[in-house]
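# Working through the structure, step by step
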Amino acid sequence: MRLAEAGRKMAGIEFLRAIRDGKLPHPPICALLNYRLVEVEPGHAVFEIKTGEHHYNPIGVVHGGIAMTLLDSAMGCAVQTQMPVGGGYTTLEAKINLVRAVTAETGALRAIGKVVHLGKRIATAEGRLEDAAGKLYAHATTTCLIL
């Protein structure tokens, strides 16, 4: 809760840069799933993860929820970069397309989020989950309500 309180006192991009730079801790979900924020620019956010068997589902591949969580984080934070001090947003809907299986051997993945539209009440963003060579593993879109 302290992290959320700090975020309400900063512009979205300042808050996210403080997390990226280690001045504020990453949110607990990042520790739980072992991913981190690595890039923050206006309308743009990138998270990285090194997947492992601890992310596997019963059929022996990384659970699709990991891809969705990463993309939701990247797309939402891309929107958050545009929020003023005290401003906020929440996800209204998100859609993901999983195009390739992720395994422990896949290596590092990057979830790249980019704002497509920012209005007074609604924002949309898109995301891509790629490996180091740029190979696509999933892509997604989101609609956010500006609070």
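In this report, the structure presented in the accompanying data block is examined. (Residues numbered from 1 in each chain as written. Predicted model: local features only at pLDDT ≥ 70, side-chain atom pairs only at ≥ 80, totals over all residues. Heavy atoms only, no water.)

## Some words on the overall build of the chain
For the chain, the count of helices and strands is 4 helices and 6 strands. For the chain, the N- to C-terminal ordering of α and β elements is α-α-α-β-β-α-β-β-β-β. Computed over C-alpha atoms, the radius of gyration of the chain comes to 15 Å, within 12% of the 15 Å expected from 2.2 N^0.38 for 147 residues, which places it in the range of a compact globule. With respect to the principal axes defined by its C-alpha atoms, the chain has extents near 45 × 30 × 25 Å. Among the 147 residues that make up the chain, the fraction classed as buried is 44%. (Helix = DSSP H or I, 4+ residues; strand = E, 2+ residues; numbered from the N terminus. Rg over C-alpha atoms; globule rule 2.2 N^0.38 Å. Buried < 20%, exposed > 50% of the residue type's maximum accessible area, 1.4 Å probe, protein only.)

## Brief notes about helix α2 (residues 12-20)
Considered for burial, the residues of α2 that qualify are Gly12, Ile13, Phe15, Leu16, Ala18 and Ile19. On the buried face of α2, the contacting elements are α1 (2-7), β1 (35-41) and α4 (64-80). Gly22 sits one or two positions beyond α2 and adopts a positive phi of about 80°. (Contact = heavy atoms within 4.5 Å.)

## Points about the side chain of Thr106
Relative to the helices and strands, Thr106 resides in the loop between β3 (89-98) and β4 (108-118). Note on Thr106: relative accessible area 18%, which makes it buried.

## A short note on α4
The end-to-end C-alpha separation of α4 is 24 Å, in line with the 24 Å expected for 17 residues at 1.5 Å each. Of all the 17 residues making up α4, 12 are buried; the element is thus mostly covered by neighbouring parts of the structure. All of the buried residues along α4 are Ile66, Ala67, Leu70, Leu71, Ser73, Ala74, Met75, Gly76, Cys77, Ala78, Val79 and Gln80. (Expected span 1.5 Å × (residues − 1).)

## Focus: the nonpolar core
Residues Phe47, Leu70, Val79 and Leu129 are the most contacted members of the largest nonpolar core, which totals 39 residues. Take this core: its biggest share by element is 9 residues, from α4. Aside from chain neighbours lying at most four places away, what touches Val79 is Tyr89, Val115, Ala123, Ala125, Cys144 and Ile146. (Core = buried A, V, L, I, M, F, W, Y, C linked by side-chain atoms within 4.5 Å.)

## Remarks on the sheet that holds strand β6 (residues 136-146)
Read from one edge to the other, the open sheet built from 6 strands follows the order β1-β2-β4-β5-β6-β3, with strand pairing classed as antiparallel. Each of the sheet's edge strands pairs with one partner strand only, and the pair in question is β1 and β3. Ignoring which end each strand starts from, the neighbouring axes of this sheet average 20° apart. Note that β3 and β6 share 9 bridges and pair antiparallel. (Pairing = 2+ DSSP bridges. Axes fitted to C-alpha atoms, helices over the stretch in contact; angles between N-to-C directions.)

## Details of the environment of Lys9
The residue Lys9 is located in the loop between α1 and α2 in this model. C-alpha separation for the pair Lys9 and Tyr56, spaced 47 residues apart in sequence, amounts to 38 Å.

## Focus: the packing of aromatic side chains
Counted by the stated rule, this structure contains 1 aromatic pair. The ring centre of Tyr137 lies 5.7 Å from the NZ or CZ of Arg100, which sits over that ring. (Phe/Tyr/Trp six-rings, centres within 6.5 Å; stacked < 30°, edge-to-face > 60°. Lys NZ or Arg CZ within 6 Å of the ring centre and 35° of its normal.)

## Concerning the environment of Leu109
For Leu109, the location among the structural elements is in strand β4. In sequence terms Leu109 and Glu48 are 61 residues apart; their C-alpha atoms lie 5.6 Å from each other.

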